[in-house]
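Here's the letter readout for the chains.
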Amino acid sequence: MSAVIRMGTRGGRPSTSLLTGVYQPRGTTPTNRRRTQSLVRIGVVAAVLFFLALYVFARGGGDGSSSSSSSSVLSIFSLGLLSSGGADFELETVRYHDLSNVQGTARGWEREERILVCVPLRDAEAHLSMFFSHLKNLTYPHNLLDLAFLVSDSKDNTMGVLVKNLEDIQAAEEEEMHFGEISIIEKDFGQVVNQDVESRHGFAAQAGRRKLMARARNWLLTAALRPYHSWVYWRDVDVETAPFTILEDLMRHNKDVIVPNVWRPLPEWLGGEQPYDLNSWQESDTALTLADTLDEDAVIVEGYAEYATYRPHLAYLRDPYGDPDVEMELDGVGGVSILAKAKVFRYGVHFPAFSFEKHAETEGFGKMARKMDLSVIGLPHYTIWHAYEPSVDDIKHMEQMKREQLAQEEAEKEKAEKAKKLKESFGDATGQWERDKVEMQNIVTQEKKKEAAAAAAAANDKAGSDAPGGKVVEKVVAR
Amino acid sequence: MARPMGSVRLKKTSPATLAVGAALCIFILYFLIGSSTPDFSASRKATAASHPLSPPTSPFRKSTGNGKLKPPPVAHYDLNNVTTTPKPLENRENVLVLTPMARFYQGYWDNILELQYPHELITLGFILPKTKEGNDATRELQNRITKTQKYGPEKDRFKSIIILREDIDPPLVSQDEKERHKMQNQKARRAAMAKARNSLLFSTLGPATSWILWLDADVVETPPTIIQDLAQHDQAIMAPNCFQRFWNEEKKEMDERPYDFNNWQDSPTALDMAKKMDPDDILLEGYAEMATFRTLMAYMTNDGGRLHEEMPLDGVGGAALLVKADVHRDGAMFPPFAFYNLIETEGFAKMSKRLGWQPFGLPNYKVYHYNE
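Residues numbered from 1 in each chain as written. Chains lettered and ligands numbered in written order. Predicted model: local features only at pLDDT ≥ 70, side-chain atom pairs only at ≥ 80, totals over all residues.

**A closer look at the overall build of chain A**
Along its length, chain A carries 14 helices and 12 strands. For chain A, with 479 residues in total, the buried portion stands at 35%. A separation threshold of at least 6 residues defines the contact pool for chain A, and within that pool the share at least 24 residues apart is 76%. (Helix = DSSP H or I, 4+ residues; strand = E, 2+ residues; numbered from the N terminus. Buried ≥ 20, exposed ≤ 12 C-beta atoms within 10 Å, placed from the backbone. Contact = placed C-beta atoms within 7 Å.)

Now the structure itself:
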């Protein structure tokens, strides 16, 4: 056959076999056509191989730049229109975290330990500007601070003000002002009690209120805690004065849970200052005995005559000149400013929204942490100051004081008016006196006798309406 | 055939040019595909977080490596809009599947892959101990995950996956079934287990989750519709019955037996025992030396019974458990200490009840535990 082909091809044109002399179907093709045909064949094979490779590549092997064939082919035919805006980045779906790297240490800022700052908010618009000034002044590296806010059942513009402030900070030119992750959680729990000071602090409302607050705190934490957090800092929005270094100051103690002392400034007539947070305390035998007598769902709340617990309170142990590093073991804590290691919350300690050993919310939190053998510490001589919100009694007292003050002011005003009047009339006279004196001196020097009478008449005319003035003039004339 | 004209025509069309053109086309296609690399569909990308500092229940944009990262945005999550309904599929509710894992079982992974719930709504969370066994399991798990998330078809890929390593010193007990179930080892073991569960839960829950499916790594047989099946009851906590398959020597055939005894209804005996106990001691189920006379769901199964028959429970096990996220958000966790003389999953049931959530079980709906 090969000879046949060779002979046939040598002819340069299609022909029948010369050997047989009989017509045969063409067994071969001309050189140029054969060459092109083999080229086409190679091309087709290459294409098939390529698509096969592409398919295998996308399915099983290859690197990260390869992709699911169906979606990429789709994107080609749609000219990228279907996946508009989606094609310029890749997704990471897998996260790996070793929790032993986020245990929290005494000098966390050196190890880039992240703190989750949790702030529960409800109708807090009025306090936000103060809060943000504190936040911006924190000395802990801002990029290591993740902020989480819970806005619940708010009727004022808490949300609007909050978002505006946060967006301004993240858009600030100074890079060191930018915070880390910022989450605003919105959840309404249905308010059972009013938020005004009196109903908020009334004894009867406490158990329900504390349980509700506890739920809110738990919702905030569970939505915001991430595997990369080493610390969690709870901060109330209405703290008026606190050191900018508070995070480092508390962290240096390297405790599982730590709280500062919380006082509040008072008007002078109330003594100038007062312990504020009575929820930080040590357990007492009296309280434990009391707890045993109470119903399963009862909640002991501190600072009310109804439950006399005789517990040592962090607040009352404050010495303004004491060493701020002095520590005190606690069983219950207040929620104004809590720094806790994130592992405390990971292990399951939370704010009980039920009666846990007769306590709820932050006090139950302290109790639960102790139950898990974690350290709970308070600093009696390291004080931050809560904003002063007058109670109803205070307000009444203040109104009384205001009335007294107003009455006093009124009296003073009257007095002042009188004095002014007196002074006015007297002042007029003195002015007149001076003028007259000058005038008269002139007159005296120029035309001593003859015009003295005329001048006296003119002065009389001027001061005529004013009796004392008139008298003075007369005196002058007499002189 | 038009042979006389053949060569002329061939010259005109020139197959060589055709081949070159085809090759060119291929190259153009290659660069089109190679440069765009859309690894996920647009709808998935739209729900992704723009920054790595974000809830782990969502994927995030990979940093491109050029230029500095922008500061994270102010993210807003309205939890009033996160629903938990009996129709999770229709309402496209996010499910978080949580698994504490000491060993890797292929059966478990196969079940996860076969879940007939949209995978783009499922986030998987794992926590593994930092022991040699844990390292091996992590490696195996990561291999499977890479296979699915990177090279698998998009519909198989999960929304996101979180792998955590424990920071808890493991109690000095081996994972052998015999050693593990010794009574005196139970409190320490279950306290460590509870801490692991809590760590996993509170690090991953995030703001978008509607349901949490607790599924132990040694549960190797689960119905693919387990999420919908358990959710349709609209209960706060729903536990299926956990059984184990074994070779029955007497019958000479494969048989099944009850495995998880932590799903129970309380008995007066047990409550009395608890009263007399020290508050730090725990009551355990399934031990002859501590007969509690509780009603165990494991024995309540009825082969001819209705699959979806419910029963209220006072204690639950963790082998498989579907929980509304709100229950955990309210604070219900797995106590690593004696809570009403109960610990871990049983303590969780009690704490949920204290918060006003009633657990339920399905005695006839079965999942199967691995047999060692």
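**Digging into the overall build of chain B**
Counting its regular elements, chain B contains 11 helices and 14 strands. At a minimum sequence separation of 6, the contacts of chain B that also span at least 24 residues come to 78%.

**Focus on the packing of helix H4 (residues 125–137) of chain A against helix H5 (residues 158–170) of chain A**
Residue and element names in this part refer to chain A. Remark: H4 packs on H5, axes separated minimally by 9 Å, with the N-to-C direction vectors making an angle of 20°. The angle between H4 and H5 falls in the class roughly parallel. Our pair here, H4 against H5, has a crossing hand that is right-handed. Contacts between H4 and H5 pair Glu 125, Leu 128 and Phe 132 from the former with Thr 158, Val 161, Leu 162 and Asn 165 from the latter. Each residue belonging to the contact of H4 with H5 can be placed in one class, and the counts come to four nonpolar, two polar and one charged. (Axes fitted to C-alpha atoms, helices over the stretch in contact; angles between N-to-C directions. Parallel < 35°, antiparallel > 145°, perpendicular 65-115°, else oblique. Left-handed = near helix turned anticlockwise from the far one by under 90°. Nonpolar A, V, L, I, M, F, W, Y, C, P; charged D, E, K, R; others polar.)

**Focus on the nonpolar core**
Looking at soluble globular proteins, one finds that nonpolar side chains tend to be buried together. The biggest cluster of nonpolar side chains holds 169 residues, and the ones touching the most others in it are Cys 118, Phe 149, Ile 185, Leu 220 and Val 232 of chain A. The residues touching Val 232 of chain A, leaving out its near neighbours within four places in the chain, are Leu 116, Cys 118, Leu 225, Ala 340, Ala 342 and Phe 345 of chain A. The next biggest cluster of nonpolar side chains, apart from the first, holds five residues, and it includes Leu 91 of chain A together with Phe 40, Ala 49 and Phe 60 of chain B. (Core = buried A, V, L, I, M, F, W, Y, C linked by C-beta atoms within 7 Å.)

**Here we look at the pairing of strand S6 (residues 229–235) of chain A**
Residue and element names in this part refer to chain A. Counting buried residues in S6 gives seven out of seven residues, a clear majority hidden from the surface. One ladder, built from five bridges, connects S6 with strand S11 (residues 337–341); its direction is antiparallel. The residue bridging Val 232 from the neighbouring strand is Ala 340, located in S11. (Pairing = 2+ DSSP bridges.)

**A look at the environment of Leu 294 of chain A**
All names here are of chain A. As for its position among the elements, Leu 294 is in the loop between helix H9 (285–293) and strand S10 (328–329). C-beta crowding within 10 Å serves as the criterion here: with 13 such atoms nearby, Leu 294 is assigned to the partly exposed category. Between the C-alpha atom of Leu 294 and that of Lys 358, which follows or precedes it by 64 residues, the distance is 7.7 Å.

**Examining unusual backbone geometry**
Positive phi is not limited to glycine here, since Asp 373 of chain A has a value of about 60°. Using a count of 9 C-beta atoms within 10 Å as the deciding quantity, one classes Asp 373 of chain A as exposed. Even without being glycine, Lys 252 of chain B reaches a positive phi, approximately 55°. In this structure, Lys 252 of chain B sits in the loop between strand S8 (237–248) and strand S9 (253–258).

**Some words on the confidence of the model for chain B**
Mean pLDDT over chain B stands at 87; residues scoring 70 or higher make up 88%. Within chain B, the lowest mean pLDDT, 52, falls on helix H1 (residues 3–13) of chain B, and the highest, 97, falls on strand S6 (residues 209–215) of chain B. (pLDDT = per-residue confidence, 0-100.)

**Digging into H5 of chain A**
Residue and element names in this part refer to chain A. The terminal C-alpha atoms of H5, which comprises 13 residues, lie 18 Å apart, in line with the 18 Å expected from a rise of 1.5 Å per residue. Along H5, the positions that sit buried rather than exposed are Thr 158, Leu 162, Leu 166 and Ile 169. For H5, the arc enclosing every buried residue in end-on projection is 60°, short of the 170-degree limit, so these residues lie on one face. Across from the buried face of H5, at angles greater than 90 degrees, the exposed residues are Gly 160 and Asp 168. (Expected span 1.5 Å × (residues − 1). Arc of directions from axis to C-beta.)

**Details of the confidence of the model for chain A**
Residue and element names in this part refer to chain A. Within chain A, residue pLDDT values average 79, and 73% of them lie at 70 or more. Mean pLDDT across the secondary structure elements of chain A bottoms out at helix H14 (residues 467–478), with 41, and peaks at S6, with 97. Residue range residues 1–20 is modelled with pLDDT below 50. Its contacts to residues more than four positions away, or to other chains, number 17 contacts. Predicted confidence for residues 56–87 stays below pLDDT 50, and this span has 47 contacts to residues more than four positions away or in other chains.

**A few points about the environment of Asn 111 of chain B**
All names here are of chain B. Within the fold, Asn 111 resides in helix H4 (residues 106–113). Assessed through the 20 C-beta atoms surrounding it within 10 Å, Asn 111 is described here as buried. In the structure, Asn 111 is positioned 109 residues away from Val 220 in sequence and 7.0 Å away in space, judged by C-alpha atoms. Look past the residues within four positions of Asn 111 in its chain and what remains in contact with it is Val 220, Glu 221 and Thr 222.

**A word on the pairing of strand S4 (residues 145–151) of chain A**
All names here are of chain A. Most of S4 is tucked away: seven of the seven residues are buried. Burial along S4 is two-sided: Leu 145, Leu 147, Phe 149 and Val 151 facing one way and Asp 146, Ala 148 and Leu 150 facing the other are all buried. When strand S3 (residues 114–121) meets S4, the two strands line up parallel, connected through seven bridges. Looking across to S4, one finds that Leu 121 is bridged to Val 151.

**Concerning the environment of Arg 189 of chain B**
By the secondary structure assignment, Arg 189 of chain B is in helix H7 (residues 183–204). Distance from Arg 189 of chain B to Glu 344 of chain B, taken between C-alpha atoms, is 9.9 Å for residues 155 residues apart in sequence.

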